[in-house]
Amino acid sequence: MRKPLIAANWKMNKTVGEAEAFLHDFIPLVKEVRDTDIVIAPPFTALSAVASRIKETPVQLAAQNMFYEEKGAYTGEIAPGMLTDLCCTYAILGHSERRQYFGETDEILNRKVKVARSYGLTVIFCIGESLEEREAGQTFSVLQREVQEGLKGVGPEGIVIAYEPIWAIGTGKTATTGQAQEAHRFIREKLSALYGDAASSIRILYGGSVTPENIDALMKCADIDGALVGGASLKPDSFARLVNFTR
Ligand code: 13P
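Model, not experiment: these values are computed from the prediction.

Mapped onto this numbering, the UniProt entry gives "binding site: substrate" (unreviewed entry) at Asn9, Trp10, Lys11, Gly170, Ser209, Gly230 and Gly231. These annotated residues cover 223 residues of sequence, but their C-alpha atoms sit close together, with the largest distance between any two at 13.9 Å. Along the polypeptide, Trp10 turns up in the loop between strand S1 (5–9) and helix H1 (16–30). Given the relative accessible area of 0%, Trp10 is considered buried. Dropping the residues within four chain positions of it, Trp10 is found in contact with Ala19, Phe22, Ile40, Ala41, Pro42, Pro43, Val50, Gln64, Ser233 and Leu234. Topologically, Gly230 is positioned in the loop between strand S8 (226–229) and helix H10 (236–243). Apart from the residues lying within four places of it in its own chain, the contact partners of Gly230 are Asn9 and Lys11.

Time to look at H10. For H10, a buried count of six out of eight residues is recorded, marking the element as mostly surrounded by other parts of the structure. Every buried residue belonging to H10 is among Pro236, Ser238, Phe239, Ala240, Leu242 and Val243, and all of these are buried.

With that settled, the discussion passes to the UniProt feature "active site" (unreviewed entry) in the protein chain. Here the UniProt feature "active site" (unreviewed entry) sits at His95 and Glu164. For the annotated residues, spread through 70 residues, the largest C-alpha to C-alpha distance comes to 8.4 Å, consistent with a single compact locus. Within the secondary structure layout, His95 lies in the loop between strand S4 (90–93) and helix H4 (96–101). Excluding residues that lie within four positions of it along the chain, His95 makes contacts with Asn9, Lys11, Cys126, Glu164 and Ile169. Within the structure, the side chain of His95 is placed 2.9 Å from the backbone nitrogen of Glu97, a separation counted as a polar contact. Within the secondary structure, Glu164 is located in the loop between strand S6 (159–163) and helix H8 (177–195).

Below, the discussion takes up the packing of H1 against H10. Where H1 meets H10, the axes come as close as 9 Å, and the angle between the chain directions of the two elements is 30 degrees. One finds that H1 runs roughly parallel with respect to H10. Every pair of crossing elements has a handedness; the one defined by H1 and H10 is right-handed. Across the interface between the two elements, Phe22, Asp25, Phe26, Leu29 and Val30 from H1 touch Pro236, Asp237, Phe239, Ala240 and Val243 from H10. Of the residues assigned to the contact of H1 with H10, the class counts are eight nonpolar, no polar and two charged.

By nearness alone, 13 residues border the ligand, and Lys11, His95, Gly170, Ser209 and Gly231 come closest of all. At a separation of 2.8 Å, an oxygen atom of the ligand approaches a polar side-chain atom of His95. In the environment of the ligand, an oxygen atom lies 2.9 Å from a nitrogen or oxygen atom belonging to the backbone of Gly230. When the ligand sits alone it has 310 Å² of accessible area, and the protein chains cover 94% of it.

A word on the nonpolar core. Of all hydrophobic cores here, the largest spans 69 residues; its most connected members are Phe26, Ile161, Leu191 and Phe239. Core analysis: the next-biggest nonpolar cluster, separate from the first, contains 13 residues, Ala7, Ile92, Ile124 and Leu205 among them.

The sheet built from eight strands closes into a barrel, its strands ordered S1-S2-S3-S4-S5-S6-S7-S8 with parallel pairing. Strand after strand, the sheet turns through a mean of 25 degrees between neighbouring axes, direction not considered. As paired elements, strand S2 (residues 37–41) and strand S3 (residues 59–63) share three bridges and run parallel to each other. Paired with Ile38 across the two strands is Val59, which belongs to S3. Lying over the sheet, helix H7 (residues 139–150) contacts strand S5 (122–127) and S6, oriented at roughly 150 degrees with respect to S5. Relative to the sheet, H8 contacts S5, S6 and strand S7 (203–207), its axis offset from that of S7 by approximately 150 degrees.

You will see that Cys87, though not glycine, has its phi angle at about 70 degrees, which is positive. Structurally, the position occupied by Cys87 is in the loop between helix H3 (80–85) and S4. Relative accessible area serves as the criterion here: at 51%, Cys87 is assigned to the exposed category. Although it is not a glycine, Ser209 adopts a positive phi angle of roughly 55 degrees. Looking at where Ser209 falls in the secondary structure, it is placed in the loop between S7 and helix H9 (215–219).

Calculation rules
Residues numbered from 1 in each chain as written. Predicted model: local features only at pLDDT ≥ 70, side-chain atom pairs only at ≥ 80, totals over all residues. Heavy atoms only, no water. UniProt positions renumbered as here; feature names shortened; annotations may be inferred. Helix = DSSP H or I, 4+ residues; strand = E, 2+ residues; numbered from the N terminus. Buried < 20%, exposed > 50% of the residue type's maximum accessible area, 1.4 Å probe, protein only. Contact = heavy atoms within 4.5 Å. Polar contact = N/O pair within 3.5 Å; in protein donor to acceptor, adjacent residues only side chain to side chain. Axes fitted to C-alpha atoms, helices over the stretch in contact; angles between N-to-C directions. Parallel < 35°, antiparallel > 145°, perpendicular 65-115°, else oblique. Left-handed = near helix turned anticlockwise from the far one by under 90°. Nonpolar A, V, L, I, M, F, W, Y, C, P; charged D, E, K, R; others polar. Near = heavy atom within 4 Å. Areas by Shrake-Rupley, 256 points an atom, 1.4 Å probe, with all protein chains shown as cover. Core = buried A, V, L, I, M, F, W, Y, C linked by side-chain atoms within 4.5 Å. Pairing = 2+ DSSP bridges.

Dropping the structure here:
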């Protein structure tokens, strides 16, 4: 069975002090959780502080991005070894904000995924269609391309997919459970074409306006194995409620 994974993507939010204050309140609320993986992706500047605070807790650490070179003259970039050095075990790659605002292409992301895996990082690989693509009937072709190109030459181990329809991110417009399950099932079929039986072990998270109000219904869908959460992960009680979703 696939163990649920609930991940917080804090995006460009929280100073070190704010991250520490969050953990002070959040950790007591989840310290007994064993049956769900909990991941937090703070901004790079708070990774070190969060890493020290989550030792001996069930919380695991993720980076929100990573460069594909291992070192060198790449001003402003962060290498995979710098992340493992800070006890990161996950890296979010291919978030639509990276694709949209920072020009990350399928080819760039494929390089990043390969390098992250070679460092043992579990990759949360984000895919999803825009509103225009959905309205033009291109949802499945976009998802197929993003899966095939992003995961080219990559094995199934250490891969988590996050389906985040761009029109649902930060908009308060969640996909219906029907829309989400349909996309997740399609993604799993594509993963089966790539990986055969191993596809049934790959977790597929839903992301886009997930809240304490809609998590339970989403988590009841057969192919939804967790959530990647932005806004509702910024407050300790709200994120703890998501982690403790009703089974
Ligand atoms: P929101 O939960 O704020 O819609 O953000 C989703 C997201 O982009 C998580 O990566």
